[in-house]
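The chain contents come next:
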Amino acid sequence: MSEQNLFDMVKRHLCSCSTDIAMDENIEAVLKMPRREIHVSIPVRMDTGTIRAFQGFRVQYNDALGPTKGGIRFHPDETIDTIRGLAALMTWKCSLHNLPLGGAKGGIICNPKELSIHELERLSRAYVQAMYPFLGPDRDIPAPDVYTNPGIMAWMVDEYSKIAGKTTFGSFTGKPVALGGSEGRLDATARGGWYVIREAARDLGLELSGSKVAIQGFGNVGSFAAMLGQEVFGARIVAVSDSHGGIYNPDGLPVRDLVTHKSENGTVVHFPGATHITNDELLELPADILIPAALENVINQSNAPRIRARIVAEFANGPVDNDADEILFSREIQVLPDFLANGGGVIASYYEMVQNFNMDHWEEEKVHRKLERKMTDAYRAVHTLALQNHVPLRRAAYTIAVSRVVNAMKMRGWV
Ligand code: GLU
């Protein structure tokens, strides 16, 4: 079975919601294309003295609702179509959560695990140099994503500020707190996702306390999903994995010890007292809640019939492909779609921008409180519409998000 192209998947979802909002086919055609794409070649001097050219992208998908926003990924298998699909998803994400922002995504084809810290810094700064004319607080504001982090944002905001000749903290988000970052940003994607799971579990009559949870991915989102799930939401984390493989214990894993194990060994694998499993096996475990928090397309038509969870919460972008979506819907497994469930990151990013513009610094409780409200409101709106139209949550989420973008385009006179 061939892997579905993420951009095609997103376009197919867009088509399916077009009847719900009576969208004109010409408008649909406009929404199926990014407004701007920037492709750059980035020469970087490696530690050995040789020069290596890296390929970088930034796709600014749609800015009808405001300046574009979205992460930068560093991944060896990056493709322009994945970035296009992810940039479109950012557009729907910001719209669904009622943020005054459009959507974008960027990436560099590289394997950060094979780069030294100095090479990584030079590459990060060079990306900003190449993209500078197209970035900025009122143009396009990047953030961390797959294999990028607050330290990389610190280099990038510093590079941007140097070129601008002034400190411009609002040009990047997900920065360290000591450098204009926001309290509560680091775990915001996972925390926001759990607020959505909590609401969905309530609607399904599933008790969160003691519920069994399997999490694929143990990066920023996956590790916080495990910690918050256990410590704040009372769930039992029975399985986790990373790119090396996974571990399983039906009685539950001690998550804090696991975080220490990962930082000491570079992987969760070989954690004492747990059974070794593969990433594929993790997805099919007997769990109440499955959280794919790694990469796209991991649940597809070949494994969807064997998923046993009642809730699949997409903390990653695009982990369930279109075929799997239909299979899971027919099996009455509730899929919490990515741009609903993982919107917490960009919501906290937006709060970070607001603080930067006002030279302010909010307490963590304030960020949590506002985040909880936003995530809960979005879930309620999507769930209500899904029930009303007898459609999956994803289609209802598309209907709300896309219609707001279309209205903004109409008001601006673009269509
Ligand atoms: N990379 C995150 C996402 O996919 C956050 C984006 C942002 O904060 O701009 O939603």
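Below, the structure is looked at part by part. Keep in mind the model is a prediction, meaning the values are calculated, not measured.

Criteria and cut-off values
Residues numbered from 1 in each chain as written. Predicted model: local features only at pLDDT ≥ 70, side-chain atom pairs only at ≥ 80, totals over all residues. Heavy atoms only, no water. Helix = DSSP H or I, 4+ residues; strand = E, 2+ residues; numbered from the N terminus. Rg over C-alpha atoms; globule rule 2.2 N^0.38 Å. Buried < 20%, exposed > 50% of the residue type's maximum accessible area, 1.4 Å probe, protein only. Contact = heavy atoms within 4.5 Å. Areas by Shrake-Rupley, 256 points an atom, 1.4 Å probe, with all protein chains shown as cover. Lys, Arg positive; Asp, Glu negative; His and termini not counted. Charge placed at Lys NZ, Arg CZ, Asp CG, Glu CD. 1 Å grid on protein atoms, 1.4 Å probe; cavity = no way out; pocket = protein on both sides within 12 Å on 5 of 7 lines; lining within 4 Å. Points joined across faces, edges and corners; volume = space filled by probe spheres on them. Salt bridge = Lys/Arg side-chain N within 4 Å of Asp/Glu carboxyl O. Patch = residues over 30% accessible without salt bridge, like charges linked within 9 Å, V, L, I, M, F, W, Y side chains within 5 Å. Pairing = 2+ DSSP bridges. Near = heavy atom within 4 Å. Axes fitted to C-alpha atoms, helices over the stretch in contact; angles between N-to-C directions. Parallel < 35°, antiparallel > 145°, perpendicular 65-115°, else oblique. Left-handed = near helix turned anticlockwise from the far one by under 90°. Nonpolar A, V, L, I, M, F, W, Y, C, P; charged D, E, K, R; others polar.

1. Details of the overall build of the protein
Move 1: Summing up its helical and strand segments, the protein has 14 helices and twelve strands in all.
Move 2: Relative to the compact-globule value of 22 Å for 415 residues, the protein shows a C-alpha radius of gyration of 20 Å, a close match.
Move 3: Principal-axis analysis of the C-alpha atoms places the extent of the protein at approximately 55 × 55 × 45 Å.
Move 4: Looking at the protein residue by residue over its 415 residues, the buried ones come to 59%.
Move 5: Of the contacts formed within the protein by residues at least 6 apart in sequence, a portion of 70% connects residues at least 24 apart.
Move 6: Surface summary for the protein: the accessible area is close to 16,600 Å², and the carbon and sulfur share equals 50%.
Move 7: For the protein, the separation between the mean place of its 43 positive charges and that of its 49 negative charges on side chains is 4 Å.

2. Structural notes on empty space enclosed by the protein
Move 1: Counted by the stated rule, this structure contains one cavity of 30 Å³ or more.
Move 2: Put simply, the largest cavity is a space of about 60 Å³.
Move 3: Taken together, Leu-6, Met-9, Val-10, His-13, Leu-89, Glu-314, Gly-318, Val-320, Asp-338, Arg-394 and Tyr-398 form the lining of the largest cavity.
Move 4: Put simply, the parts of the chain that give the lining of the largest cavity at least two residues each are helix H1 (6-18) and helix H14 (393-412).

3. Notes on the pattern of salt bridges
A side chain of one charge can pair with a side chain of the opposite charge if their charged atoms are brought near each other.
Move 1: Taken as a whole and assessed by the stated rule, the structure comprises 29 salt bridges.
Move 2: Salt-bridge contacts for Glu-159 lead to Arg-125; the nearest nitrogen and oxygen are separated by 2.9 Å. With Glu-159 in helix H5 (residues 150-164) and Arg-125 in helix H4 (residues 117-131), this pair connects stretches of sequence that are 34 residues apart.
Move 3: For Glu-159, a relative accessible area of 9% translates into the label buried.
Move 4: Residue classification places Arg-125 among the buried residues on the basis of a relative accessible area of 14%.
Move 5: Connected via shared salt-bridge partners are Arg-198, Glu-199, Arg-202, Asp-203, Glu-372 and Arg-380.

4. Comments concerning a nonpolar patch on the surface
Move 1: On the surface, a nonpolar cluster with roughly 220 Å² of combined accessible area is contributed by Val-30, Trp-414 and Val-415.
Move 2: Along the chain, Val-30 turns up in helix H2 (residues 25-31).

5. Description of the pairing of strand E2 (residues 51-62)
Move 1: Inspection of the sheet shows strand E1 (residues 36-45) paired to E2 by ten bridges, in the antiparallel sense. Note on E2: the bridge partner recorded for Pro-43 is Ala-53.
Move 2: Hairpin connection, E1 to E2: the antiparallel pair is bridged by five residues, and Gly-49 has positive phi, about 100 degrees.
Move 3: Strand direction decides the pairing type here: E2 and strand E4 (residues 102-109), joined by six bridges, are antiparallel. Among the inter-strand pairings, Gln-60 is bridged to a residue of E4, identified as Ala-104.

6. Quick notes on the site of the ligand
Move 1: Around the ligand there are 14 residues in total, and Lys-69, Lys-93, Lys-105, Asp-145 and Ser-349 lie nearest to it.
Move 2: Surface burial for the ligand is 94%, taken as the share of its 290 Å² of free accessible area covered by protein chains.
Move 3: Elements that contribute at least two residues to the shell around the ligand include exactly strand E3 (68-75), helix H3 (80-96), strand E5 (140-144) and helix H12 (344-357).

7. Quick look at the packing of H4 against H5
Move 1: Where H4 contacts H5, the two axes come as close as 9 Å, and the packing angle between them is 45 degrees. Comparing their axes, H5 and H4 come out oblique. Viewed along their axes, H4 and H5 form a crossing whose handedness is right-handed. Only Ile-152, Trp-155, Met-156, Asp-158, Glu-159, Tyr-160, Lys-162 and Ile-163 of H5 make contact with H4, whose side of the interface consists of Ile-117, Leu-120, Glu-121, Ser-124, Arg-125, Tyr-127, Val-128 and Gln-129.
Move 2: Of the residues belonging to the contact of H4 with H5, the class tally is nine nonpolar, two polar and five charged.

8. Points about unusual backbone geometry
Move 1: Unlike most non-glycine residues, Asn-297 shows phi in positive territory, near 60 degrees.
Move 2: Residue placement: Asn-297 occurs in the loop between strand E10 (289-292) and strand E11 (311-313).
Move 3: Asn-297 gets classed as buried once you look at its relative accessible area, which sits at 7%.
Move 4: Unlike most non-glycine residues, Met-359 shows phi in positive territory, near 50 degrees.
Move 5: Inspection of the secondary structure assignment puts Met-359 in the loop between H12 and helix H13 (364-389).

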